[in-house]
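# A structural walkthrough
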Amino acid sequence: MKNSEMIQRDLAHIWHPCTQMKDHESLPLVPVKRAEGVWLEDFEGNRYIDGISSWWVNLFGHANPYISAKLAEQASTLEHVLLAGFTHEPAVTLAERLCEIVPGDLNKVFFADNGSSAVEVALKMSYHAHLNNGKDRPLFLSLTNSYHGETIGALSVGDVELYKKTYEQILIRSVQTPVPKDRTYEAAEEAAEQLENILKTLSTRISALIVEPLVQCAGSMHMYHPHYLVRARELCKRYDIHLIADEIAVGFGRTGTMFACEQAGVSPDFLCLSKGLTGGYMPLAVVVTTDEMYKRFYCDYLEYKAFLHSHSYTGNPLGCSCANAVLDIFERDDVIVSNREKAEWMHEMIKPFETLSCVKEVRQTGMIAAVELEGFAPKDRVNLEIFQYCLKRGVFVRPLGSVLYFMPPYIISYEEMKQLIETAYEAVKSL
Ligand SMILES: *Cc1c(COP(=O)(O)O)cnc(C)c1O
């Protein structure tokens with residue numbers, strides 16, 4: 001089997017996500033036959049470093065022997081059973097372990113099967129919790145430049161024009177408050193004041209504020225100071241609206257702490273997790289909330305207050321077993337500590353970008369580093385230039401517009417990281 005044959009068969013029947021399919025007239029798909037560690041391998045034996053953890057999901061490498069073994073064991077024991085009226089050990093263990101490690105007093109886990117559906121769950125739960133309290137609050141508040149997924153509800157609270165604009169007429173109601181404009185404390189304070197102004201006039205109609213703590217990943221890796229989360233937490237409490245922390249991309253050690261909220265010492269009312277949850281193995285998501293929230297839905301059936309949301313694959317045992325394996329690795333390998341060391345390497349290695357004239361800013365939070373370019377128009381499609389340059393040299397990166405970023409699996413070695421970043425540096429230099 002050759003790459004070209006696989007590509008041909010693919011294009012005959014597959015409509016790819018997040019893609020203008022016409023691009024593939026000139027831009028070849030990358031058929032991946034197998035993968036190991038940070039390396040993806042195509043059908044002709046070419047290997048590529050996965051510099052973006054396969055859309056930010058992979059933590060401990062592809063075909064990780066430990067996670068694979070746990071998954072295989074689970075597959076031959078119990079592959080799936082519905083979670084309504086039934087339960088199983090992988091879900092119970094995972095829920096116990098998550099409640100141990102998440103911030104604050106979050107103590108009840110609601111399962112879903114992908115990030116967007118976790119966001120939908122959090123939005124619906126928040127609205128419904130207010131309703132069960134006798135309050136109808138039809139609005140959601142989110143940050144400018146935010147991203148929360150692609151389903152209608154999740155898209156509605158997002159603010160990336162590229163994804164949202166087309167569907168404007170069919171979205172649910174939301175209001176955006178400015179994200180801190182940079183990483184300074186002052187910018188965080190300024191944005192918090194703007195948040196308070198909105199809450200002063202609209203809070204009685206708003207169910208929740210949803211935020212991506214510390215890094216707006218799909219929003220071009222925009223980063224802000226933890227102080228904003230401290231202020232947002234305090235304001236949400238004061239104005240009686242819920243705080244939803246969407247840690248789908250930043251949870252599980254990506255920012256230097258297990259959860260990004262920890263850096264502000266705050267705990268949300270709803271915590272959404274997915275992506276890294278299963279180490280990039282299986283689609284799974286959770287919303288973790290408080291006992292207090294749970295109690296607002298707890299009553300006799302005919303009071304009609306139950307949260308009747310579900311997905312067929314809610315709490316899938318295969319996904320839960322991978323998530324438990326991921327938590328085993330976090331415990332066994334002291335991952336947060338070794339991540340800090342790797343983030344340091346990354347910090348040193350990205351410095352040379354600052355000397356390039358087309359580089360506007362270099363920024364980093366934990367294991368996410370971004371290089372923002374300037375002087376390119378959207379029609380230049382500089383992201384594709386960089387992507388192709390790197391791919392030819394065994395490195396896979398996927399810049400967001402003119403923002404190149406690195407978000408490698410945590411198990412990346414020093415040499416691999418050097419190859420990843422130096423190749424991308426050459427790509428930018430060649431523009
Ligand atoms: C990826 C992402 C989502 C959506 O998750 P999917 O599994 O792609 O639906 C939501 N929020 C954030 C912050 C994300 O990065």
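Just above, that's the structure.
Because the structure is a prediction, the values reported are computed rather than measured. (Residues numbered from 1 in each chain as written. Predicted model: local features only at pLDDT ≥ 70, side-chain atom pairs only at ≥ 80, totals over all residues. Heavy atoms only, no water.)

With 115 residues, the main nonpolar core has L209, M221, F252, F330, F353 and F406 as its most contacted residues. Per-domain counts for this core show at least three residues from each of domain 1 (3–63 + 334–429) and domain 2 (68–332). Listed in part, the 23 residues of the second largest apolar core include A154, A285, V287 and F297. (Core = buried A, V, L, I, M, F, W, Y, C linked by side-chain atoms within 4.5 Å. Buried < 20%, exposed > 50% of the residue type's maximum accessible area, 1.4 Å probe, protein only. Domains from an automatic or database assignment.)

What follows deals with unusual backbone geometry. When glycine is set aside, most residues are seen to have a negative phi, and most peptide bonds are trans. We note that S54 has phi near 50°; this positive angle belongs to a residue other than glycine. Positionally, S54 belongs in helix α2 (residues 53–56). (Helix = DSSP H or I, 4+ residues; strand = E, 2+ residues; numbered from the N terminus.)

The strand order β1-β2-β3-β15 describes an open sheet built from four strands, whose pairing is mixed. Across the chains shown, the open sheet's two edge strands, defined by having one partner strand only, are β1 (34–36) and β15 (395–396). As paired strands, β1 and strand β2 (residues 39–41) are joined by three bridges and run antiparallel to one another. Within β2, the residue paired with E36 across the bridge is W39. (Pairing = 2+ DSSP bridges.)

Below, the discussion takes up the site of the ligand. Within the structure, the ligand sits among W56, N114, G115, S116, Y147, H148, G149, E212, D246, I248, A249 and K275. In the model, an oxygen atom of the ligand is placed 3.5 Å from a nitrogen or oxygen of the N114 side chain. In the model, a nitrogen atom of the ligand is placed 2.6 Å from a nitrogen or oxygen of the D246 side chain. Computed on the free molecule, the ligand has an accessible area of 390 Å², of which 83% lies beneath the protein chains in the complex. In terms of residue class, the shell around the ligand is made up of four nonpolar, five polar and three charged. (Near = heavy atom within 4 Å. Polar contact = N/O pair within 3.5 Å; in protein donor to acceptor, adjacent residues only side chain to side chain. Areas by Shrake-Rupley, 256 points an atom, 1.4 Å probe, with all protein chains shown as cover. Nonpolar A, V, L, I, M, F, W, Y, C, P; charged D, E, K, R; others polar.)

Right, let's talk about the sheet that holds strand β13 (residues 359–365) for a bit. The three strands lie next to each other as β13-β14-β16, forming an open sheet whose pairing is antiparallel. Whereas interior strands pair on both sides, the edge strands pair on one side only; in this sheet they are β13 and β16 (403–406). On average, adjacent strands in this sheet sit at an angle of 15° to one another, irrespective of strand direction. Relative to strand β14 (residues 368–373), β13 runs antiparallel, the two sharing six bridges. Bridge pairing in β14 places V362 opposite V371. Running at roughly 170° to β13, helix α12 (residues 335–350) makes contact with β13, β14 and β16 of the sheet. (Axes fitted to C-alpha atoms, helices over the stretch in contact; angles between N-to-C directions. Contact = heavy atoms within 4.5 Å.)

The next thing to look at is the environment of A424. Position of A424 among the secondary structure elements: in helix α14 (residues 414–429). Classification of A424 as buried rests on a relative accessible area of 0%. Filtering out sequence-adjacent residues up to four positions away, A424 remains in contact with F353, C390, L404 and F406.

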